[in-house]
Amino acid sequence: MADALPEELDVVILGTGLQEAIIAAACSRIGQRVLHVDRRNYYGGNWASFSFSGLLSWIEECRGQTSGNAEVSWKDKILEEEDAIQLGQMDKSIENLEVFCFVSTAAEENVVEIGALENKQTNVDSNTAIENAVLGSQDEKNQTCKVTSIGGAESPLESLEDQDSPLSTKEEVSSEKIQQQDKPCPGYVPSSTTTEKSLATKEITDNMPSVEVEADNKDQTTDASAQEVKKEAKKMTYSQIVKDGRKFNIDLTSKFLYSRGSLVDLLIKSNVSRYAEFKNITRILTFQGGKVEQVPCSRADVFASKQLTMVEKRMLMKFLTFCLEYEQHPDEYIDFKDSGFSDYLKTKKLTANLQHFILHSIAMVSESASTTEGLKATQHFLQCLGRYGNTPFLFPLYGVGEIPQCFCRMSAVFGGTYCLRHSMQCLVVDRETMRCKAVVDSNGHRISCEHFIVNHNYLPEKHTKNVQYRYISRGVLITNSSVLKSNSEQRNTCRTRTSRNPNNWDKPQISILTVPAVEKDQPFVRIIELCPSSNTCPQGTYLVHLTCLSNGTAKEDLEPVVSTLFTQYSENKETACHECEMEEKPRVLWALYFNVRDTSAVDRSTYEGLPSNVFVCGGPDDALGFEQSVTQAENIFHQLCPGEEFCPAAPNPEDIIYDSDGAQQANAGFGAPTESEAAEVKENTNPESDPTEDGNNEVVKSLDINEMDRESAMSNPATQTLKCSNGSEMPKDAE
């Protein structure tokens, strides 16, 4: 593949992070010839998601980085009137990487990942597994999976219900089913190390407790399943984690999508949302008074809450109503514009309890944030409520690493060329115009191009010596239970039931928790806890992501929070009674800490000697959402292609011109597709546009011609629509 790369292109992009992937999709969509290259063997860069063995391989790669592939002479490719900018071959964005294992590492022979291909199986000596990580690669999933579960339904963005009131609530209860569909993309070029199909979904289904049983047997089935999961969790070993490694999808960057954020709007507008599935975030938590509590978000939650008095409920609703339209009442906050948001809250006669909720769990800003920043963040939170669920957030199934791959897939569909494990040696610069005119790859091939997009990590040190970096502290924990157990988990722990109503048996939920700074100069810590229904961890475990701005090493910054909320796993630890078990903290089975560079806010002017047609993409920032990344990608695109639309909607099928025999197909896409069309466009294999149910009540995702017609109008905000679960359409401006 690398030997057959084109010699002339419009855009060459180095790195497959989120910003680079969005730019690649946008350029390919308008007909630009795009070459997208990454020196790694996986998509996403610092946005990637890994299976457990893939993460261990990434750890070893970070620890033992070399200069990369053997250098090929490129100087003979440079002409007399040209200069060269040699590109960096090492990624220095990850620092202070530390790994801890708290479960048993007793030797066990022939330990391999369940579902791995034979040539990928690697024996693990558990005694040395921590120092010598199991070799593996990221499990890239080129298929879509439909999941619906109790406590929050996953669905494509177009099929999630949009509610009228930003303070409305929605209760979702449905059967727990999983259907896996393999939808390969024409022209998509995955890594050669990830051609196997994942068996994780089937294994999760096999391990899930059945919900289709007779009424008399529901309690017995659930109790037995809960006891079995608990028994397995108590006997958890490192070997078991390795065996279940393909059920993990561990993000290097942990974020949520705001339901009315720029990324959700872009996914819908560009129709990239068809390539991924999303799950509603059902629970927002807070840490106050030494314990974790759930925060009421919607109007219904506020008035149903037992944590607030009636007076507090009225005060909270009054303040939130003001925040929704605070710009219309400048006299209410203009005197505090330059003051801190925490100081402003004190002047509103709010109780300490309400101030804590608003600052840390609704606005989610630091105590040093200005009043304007706090009001804007609170308003954004409230505006996102009720669109797709009871909280403002969505999470992509299989992890954040799916999103860059979705945009790469769109680029490939529209003609983009992809090549992983392929390095670029240098940029060729014309001395007269001071513009970059070509790039030389690791094979010595010279590729001419008009524009170049590079990830910050590809730039050599001489061009970044004036850059002042910030760092983000990241922690990843594998735990055996949630920081706030649901009703069903609490009942399972004490092995008793107070109600025979199955609706009282809450399923594990995805949660977000903000832990305030202990001292004034310390940052707050954001915790995202993922449950098995997010398809990021196996049954009986939770995946916990911790993020904060760095003051020191990641372990130094995050360990105080970890020791407060969690305890280390110990097989010898026993409790005297069930009540003590219920109060027990979650136990950490395995932990990873690392610092990552935050290059998101670096101004282009700080880079020395860069040609005018070379654009630099930063990495992930410390914010919860994706707004900064989408904004940066859009700004770079408009500099590349001024006047062009950014990621326009899918074309109307009536406007598609078919190349076969120089004429358009007779049915023009309507009716049953031909065999060649079915092989090339998997999304058109189902003629029904609405989600349907088969005999097993499994929800089927489809996108037909009518949906594409509707999507083609989405470039006009006045006609933008969202598909509701009842099949009707609601204009976005009428929400």
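Up top is the structure these notes are about.
Cut-off values and rules
Residues numbered from 1 in each chain as written. Predicted model: local features only at pLDDT ≥ 70, side-chain atom pairs only at ≥ 80, totals over all residues. Heavy atoms only, no water. Phe/Tyr/Trp six-rings, centres within 6.5 Å; stacked < 30°, edge-to-face > 60°. Helix = DSSP H or I, 4+ residues; strand = E, 2+ residues; numbered from the N terminus. Buried < 20%, exposed > 50% of the residue type's maximum accessible area, 1.4 Å probe, protein only. Lys NZ or Arg CZ within 6 Å of the ring centre and 35° of its normal. Core = buried A, V, L, I, M, F, W, Y, C linked by side-chain atoms within 4.5 Å. Contact = heavy atoms within 4.5 Å. Axes fitted to C-alpha atoms, helices over the stretch in contact; angles between N-to-C directions. Parallel < 35°, antiparallel > 145°, perpendicular 65-115°, else oblique. Nonpolar A, V, L, I, M, F, W, Y, C, P; charged D, E, K, R; others polar. Pairing = 2+ DSSP bridges. Left-handed = near helix turned anticlockwise from the far one by under 90°.

So, the packing of aromatic side chains
Here is step 1 of the chain: Within the structure shown, the criterion is met by 19 aromatic pairs.
Here is step 2 of the chain: Relative to Y593, the ring of F100 lies with its centre 6.0 Å away and its plane at 70°, an arrangement referred to as edge-to-face. Placement of the pair is F100 in strand 5 (residues 94-101) and Y593 in strand 24 (residues 587-598), with a sequence separation of 493 residues.
Here is step 3 of the chain: A relative accessible area of 5% places Y593 in the buried class.
Here is step 4 of the chain: A centroid spacing of 6.4 Å and a plane angle of 20° characterise the contact between F341 and Y344, whose relative ring orientation is stacked. Within this pair, F341 and its partner Y344 are both found in helix 9 (residues 341-347), separated by 3 residues, close to a single helical turn. Judged on exposure class, the residue F341 and its partner Y344 are both buried.
Here is step 5 of the chain: In this structure an aromatic cluster arises from ring pairing among F256, Y258, F381, F393 and F395.
Here is step 6 of the chain: Between the NZ or CZ atom of R597 and the centre of the ring of Y469, over which it lies, the distance is 4.2 Å.

Comments concerning the nonpolar core
Here is step 1 of the chain: In this structure, W58, F319, F407 and W590 are the most contacted members of the largest nonpolar core, which totals 119 residues.
Here is step 2 of the chain: When residues in this core are grouped by element, the largest group, 8 residues, is from helix 1 (residues 18-29).
Here is step 3 of the chain: Contacts of W58, omitting those with residues within four sequence positions, involve Y42, F50, I94, L97, L252, L592 and F594.
Here is step 4 of the chain: Among the nonpolar cores identified, the runner-up in size contains 26 residues, and C419, M424, F452 and V602 belong to it.

Description of the packing of helix 8 (residues 310-324) against helix 11 (residues 371-384)
Here is step 1 of the chain: Relative orientation of the contacting elements helix 8 and helix 11 amounts to 95°, with a least axis distance of 8 Å. Here helix 11 runs roughly perpendicular to helix 8, going by the angle between their axes. On helix 11, the residues touching F319, L320, F322, C323 and L324 of helix 8 are L375, T378, Q379, L382 and Q383.
Here is step 2 of the chain: For the contact of helix 8 with helix 11, the residue count by class is 7 nonpolar, 3 polar and no charged.

Digging into the environment of F637
Here is step 1 of the chain: One can find F637 in helix 16 (residues 627-640).
Here is step 2 of the chain: Residues in contact with F637, not counting those within four places in the same chain, are A26, C27, I30, E644, E645 and F646.

Considering the sheet that holds strand 11 (residues 278-280)
Here is step 1 of the chain: With antiparallel pairing, 3 strands are arranged side by side in an open sheet as 10-14-11. Each edge of the sheet is formed by a strand with only one pairing partner; in this case those strands are strand 10 (257-258) and strand 11.
Here is step 2 of the chain: Relative to strand 14 (residues 393-396), strand 11 is paired through 3 bridges, and the arrangement is antiparallel. Bridging across to strand 14, N280 finds its partner in L394.

Observations concerning the packing of helix 8 against helix 10 (residues 352-362)
Here is step 1 of the chain: Put simply, helix 8 and helix 10 touch, their axes get as near as 10 Å, and they point 40° apart. Considering the angle they form, helix 8 stands oblique to helix 10. Where helix 8 crosses over helix 10, the handedness of that crossing is right-handed. Touching E312, M315, L316, F319 and L320 of helix 8 are N353, L354, I358 and I362, all from helix 10.
Here is step 2 of the chain: In terms of residue class, the contact of helix 8 with helix 10 is made up of 7 nonpolar, 1 polar and 1 charged.

Focus on the pairing of strand 24
Here is step 1 of the chain: A large share of strand 24 lies buried, amounting to 12 of its 12 residues.
Here is step 2 of the chain: Bridge count for strand 5 against strand 24 is 6 bridges, and the pairing is antiparallel. Looking at the pairing, E95 lines up with N595 of strand 24.
Here is step 3 of the chain: Across 10 bridges, strand 19 (residues 470-479) lies against strand 24 in antiparallel orientation. Note on strand 24: the bridge partner recorded for R474 is F594.

Points about the environment of L382
Here is step 1 of the chain: Relative to the helices and strands, L382 is located in helix 11.
Here is step 2 of the chain: The exposure class of L382 is buried, given its relative accessible area of 0%.
Here is step 3 of the chain: With 62 residues separating them along the chain, L382 and L320 place their C-alpha atoms 7.8 Å apart.

A word on unusual backbone geometry
Here is step 1 of the chain: One non-glycine residue, K349, lies in positive phi territory at about 60°.
Here is step 2 of the chain: Looking at the secondary structure, you find K349 in the loop between helix 9 and helix 10.
Here is step 3 of the chain: A residue is classified by how much of its surface remains accessible, and K349, at 72% relative accessible area, is exposed.
Here is step 4 of the chain: Despite not being glycine, C647 has its phi angle at roughly 50°, a positive value.
Here is step 5 of the chain: With respect to the element layout, C647 can be found in the loop between helix 16 and helix 17 (675-680).
Here is step 6 of the chain: Judged by relative accessible area, which is 0%, C647 ranks as buried.

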